[in-house]
Amino acid sequence: MRQAVISRYGSPDVFQMREAADPTPAAGEVRIRVRAAGINFADVLSRLGLYPDAPKPPLVVGYEVAGRIDAIGADVTGFAEGDRVVALTRFGGYSDVVVVASGQAFHFPPELSDAEAAAIPVTYLTAALALYRMAALTPGETVLIHNAGGGVGIAATQLARLRRATVIGTASARKHDALRSFGIEHLIDYTNANVPEEVRKITRGRGVDVILDPIGGPSFGASYSMLAPLGRMVMFGLSAAATGERRNWWTAFSAWRRSSSFDPLSLINRNRGVFGLNVGHLWEERGQLTPLMEMLLGELGACRLRPVVAKTFPLEQVADAHRYIQSRQNIGKVVLTT
Ligand SMILES: NC(=O)c1ccc[n+]([C@@H]2O[C@H](COP(=O)([O-])OP(=O)(O)OC[C@H]3O[C@@H](n4cnc5c(N)ncnc54)[C@H](OP(=O)(O)O)[C@@H]3O)[C@@H](O)[C@H]2O)c1
């Protein structure tokens, strides 16, 4: 098999291709010939050495793949060789062959391409856990989605619209037309505007019911200030820690340090809720994730959701794919193809 390896921490140039023997599936596992692998911002952070979960280099990152099953271990039911599946991986996804526990693989609707399927797991599971489970979004509520043009942002917009919520999104200005066409009613160019002030104007001073914030640093405190009574906010990232192609300890440290803590008395007296989410720590929670993934695949099959793939890159051009994300060009998910 071929894999894209992070040889050491640093700029996208640290990626190297390597060949290795194909893995053999053990009992309960399936082997997948990968056609497409999703890229997540966590992979960028891992490359920079800013992602605490990631093993040390040399390292193959990647949380999700789509392809065809080509070998099946003992005791696996429900899958046959040749089945098209999408699967969750915990690292190792930037490969043209992966082995996963069969419980981490799912058949996907035939209308979807492999690249679209690889764009599903992390984005839609994160967005669904944040909006439907944690924030328990109800029809008519207002949601503020930061980083609305990213993979999670677009999935969250679709899920919020499915619940008939009003969406306010923050993104750089050149993404606004596309995001409006995806159903975002109010867009804020966070690079120029005072976001809390704009949100106050849009909501006539009331604030928003639900906020999804993966930016971190000063953004968490600002988001908290924008919550309406009974508002809920989900924190799920620290994009603010990665401002360049190389690691900058000072930026990373100040983003972490400025990620405010929340005073319990303020939460009580203001009737607000704050959640933290890391979907990568839930891969083993089959009882929680499987029904959610099946619900999402059902909605995708019924065409009520549709992954947006910004661009695909061949696996060996993974460095360009990371540069594309870090230069903020993507509207939607960036996917590697084999
Ligand atoms: N905790 C979890 O379970 C979980 C799961 C998935 C994702 N996440 C987090 O959610 C966030 C979005 O992930 P994603 O995969 O959807 O992102 P993505 O598709 O890679 O989005 C990249 C976009 O993020 C915006 N951005 C904001 N700060 C940035 C920075 N410092 N450097 C580069 N781009 C920046 C840019 O859009 P603009 O042009 O609008 O600035 C850029 O186009 C990340 O923080 C990620 O770690 C967390």
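Residues numbered from 1 in each chain as written. Predicted model: local features only at pLDDT ≥ 70, side-chain atom pairs only at ≥ 80, totals over all residues. Heavy atoms only, no water.

## Observations regarding the overall build of the protein chain
Here is step 1 of the chain: Scanning the protein chain for helices and strands turns up 11 helices and 15 strands.
Here is step 2 of the chain: Relative to the globule expectation of 20 Å for 338 residues, the C-alpha radius of gyration of the protein chain, 20 Å, shows essentially globular dimensions.
Here is step 3 of the chain: If one aligns the C-alpha atoms of the protein chain with their principal axes, the spans along those axes are about 60 × 45 × 40 Å.
Here is step 4 of the chain: Taken over 338 residues, the protein chain has a buried fraction of 56%.
Here is step 5 of the chain: Per element, the accessible surface of the protein chain, about 14200 Å² overall, is 51% carbon and sulfur.
Here is step 6 of the chain: Between the centroid of the 36 positive side chains of the protein chain and the centroid of its 31 negative side chains there is a distance of 7 Å. (Helix = DSSP H or I, 4+ residues; strand = E, 2+ residues; numbered from the N terminus. Rg over C-alpha atoms; globule rule 2.2 N^0.38 Å. Buried < 20%, exposed > 50% of the residue type's maximum accessible area, 1.4 Å probe, protein only. Areas by Shrake-Rupley, 256 points an atom, 1.4 Å probe, with all protein chains shown as cover. Lys, Arg positive; Asp, Glu negative; His and termini not counted. Charge placed at Lys NZ, Arg CZ, Asp CG, Glu CD.)

## Remarks on helix α1 (residues 41–48)
Here is step 1 of the chain: Most of α1 sits inside the fold, with 7 of its 8 residues counted as buried.
Here is step 2 of the chain: At the exit of α1 stands Gly 49, carrying a positive phi of roughly 80°.

## Brief notes about the site of the ligand
Here is step 1 of the chain: In the neighbourhood of the ligand, 25 residues make up the surrounding shell, with Ser 172, Lys 175, Tyr 190, Ser 239 and Val 279 lying closest.
Here is step 2 of the chain: Ser 172 is positioned such that a nitrogen or oxygen atom in its side chain is 2.4 Å from an oxygen atom of the ligand.
Here is step 3 of the chain: Here Tyr 190 contributes a side-chain N or O atom positioned 2.3 Å from an oxygen atom of the ligand.
Here is step 4 of the chain: Coverage of the ligand by the protein chains reaches 94% of its 920 Å² of free accessible surface.
Here is step 5 of the chain: At the level of secondary structure, the elements contributing two or more residues to the shell around the ligand comprise α3 (121–134) and α4 (151–162).
Here is step 6 of the chain: Counted by class, the shell around the ligand contains 12 nonpolar, 11 polar and 2 charged residues. (Near = heavy atom within 4 Å. Polar contact = N/O pair within 3.5 Å; in protein donor to acceptor, adjacent residues only side chain to side chain. Nonpolar A, V, L, I, M, F, W, Y, C, P; charged D, E, K, R; others polar.)

## Looking at the environment of Ile 39
Here is step 1 of the chain: One can find Ile 39 in the loop between β3 (29–38) and α1.
Here is step 2 of the chain: Residue Ile 39 is classed as buried on the basis of its relative accessible area of 4%.
Here is step 3 of the chain: Sequence separation between Ile 39 and Met 233 is 194 residues; the distance between their C-alpha atoms is 25 Å.
Here is step 4 of the chain: When neighbours within four sequence positions are excluded, Ile 39 is seen to be in contact with Glu 64, Tyr 94, Ala 321, His 322, Ile 325, Lys 333, Val 334 and Leu 336. (Contact = heavy atoms within 4.5 Å.)

## Quick word on the pattern of salt bridges
Here is step 1 of the chain: One pass over the structure, following the stated rule, counts 18 salt bridges.
Here is step 2 of the chain: Notably, a salt bridge pairs Asp 96 with Arg 2, separated by 3.5 Å at the nearest N-O pair. With Asp 96 in the loop between β5 (84–88) and β6 (97–101) and Arg 2 in strand β1 (residues 2–6), this pair connects stretches of sequence that are 94 residues apart.
Here is step 3 of the chain: For Arg 2, a relative accessible area of 24% puts it in the partly exposed group.
Here is step 4 of the chain: A salt bridge links Arg 232 to Glu 141, with the shortest nitrogen-to-oxygen separation between them at 2.8 Å. With Arg 232 in strand β12 (residues 227–235) and Glu 141 in the loop between α3 and β8 (142–145), this residue pair connects regions lying 91 residues apart in the sequence.
Here is step 5 of the chain: Relative accessible area serves as the criterion here: at 13%, Glu 141 is assigned to the buried category.
Here is step 6 of the chain: The network of salt bridges with shared partners includes Asp 22, Arg 31, Arg 33 and Asp 70. (Salt bridge = Lys/Arg side-chain N within 4 Å of Asp/Glu carboxyl O.)

## Overview of the packing of α3 against α4
Pairs of packed helices are described in terms of their axes, by the angle between the two and the distance that separates them.
Here is step 1 of the chain: Where α3 meets α4, the closest approach of the two axes is 8 Å, and the angle between their N-to-C directions is 50°. Judged by the inter-axis angle, α3 sits oblique to α4. In the crossing of α3 with α4, the sense of the turn from one axis to the other is right-handed. Between α3, through Thr 123, Tyr 124, Thr 126, Ala 127, Ala 128, Leu 131 and Tyr 132, and α4, the contact on the second element is made entirely by Gly 151, Val 152, Ala 155, Ala 156, Gln 158, Leu 159, Ala 160 and Leu 162.
Here is step 2 of the chain: When grouped by side-chain class, the residues that make up the contact of α3 with α4 number 11 nonpolar, 4 polar and no charged. (Axes fitted to C-alpha atoms, helices over the stretch in contact; angles between N-to-C directions. Parallel < 35°, antiparallel > 145°, perpendicular 65-115°, else oblique. Left-handed = near helix turned anticlockwise from the far one by under 90°.)

## Some remarks on the pairing of strand β9 (residues 166–170)
Here is step 1 of the chain: Counting buried positions along β9 gives 4 out of 5 residues, so the element sits mostly inside the fold.
Here is step 2 of the chain: Pairing between β8 and β9: 4 bridges, direction parallel. Pairing of Thr 142 across the sheet is with Thr 166, part of β9.
Here is step 3 of the chain: With α4 bridging β8 and the parallel β9, this β-α-β connection has right-handed handedness.
Here is step 4 of the chain: Pairing of β9 with strand β10 (residues 186–188), which is carried by 3 bridges, proceeds in the parallel orientation. Paired with Ile 168 across the bridge in β10 is His 186.
Here is step 5 of the chain: For the crossover that starts at β9, traverses helix α5 (residues 176–181) and ends in the parallel β10, the hand is right-handed. (Pairing = 2+ DSSP bridges. Right-handed = clockwise from strand over helix to strand, strands pointing away.)

## Some details on the packing of aromatic side chains
Here is step 1 of the chain: Using the criterion set out here, one finds 5 aromatic pairs in the structure.
Here is step 2 of the chain: Centroid distance Tyr 63 to Phe 91: 5.4 Å. Interplanar angle 40°. Geometry classified as tilted. Residue Tyr 63 is found in the loop between α1 and β4 (64–72), and its partner Phe 91 is found in the loop between β5 and β6; the two are separated by 28 residues along the sequence. For the pair Tyr 63 and Phe 91, one class covers both residues: buried. (Phe/Tyr/Trp six-rings, centres within 6.5 Å; stacked < 30°, edge-to-face > 60°.)

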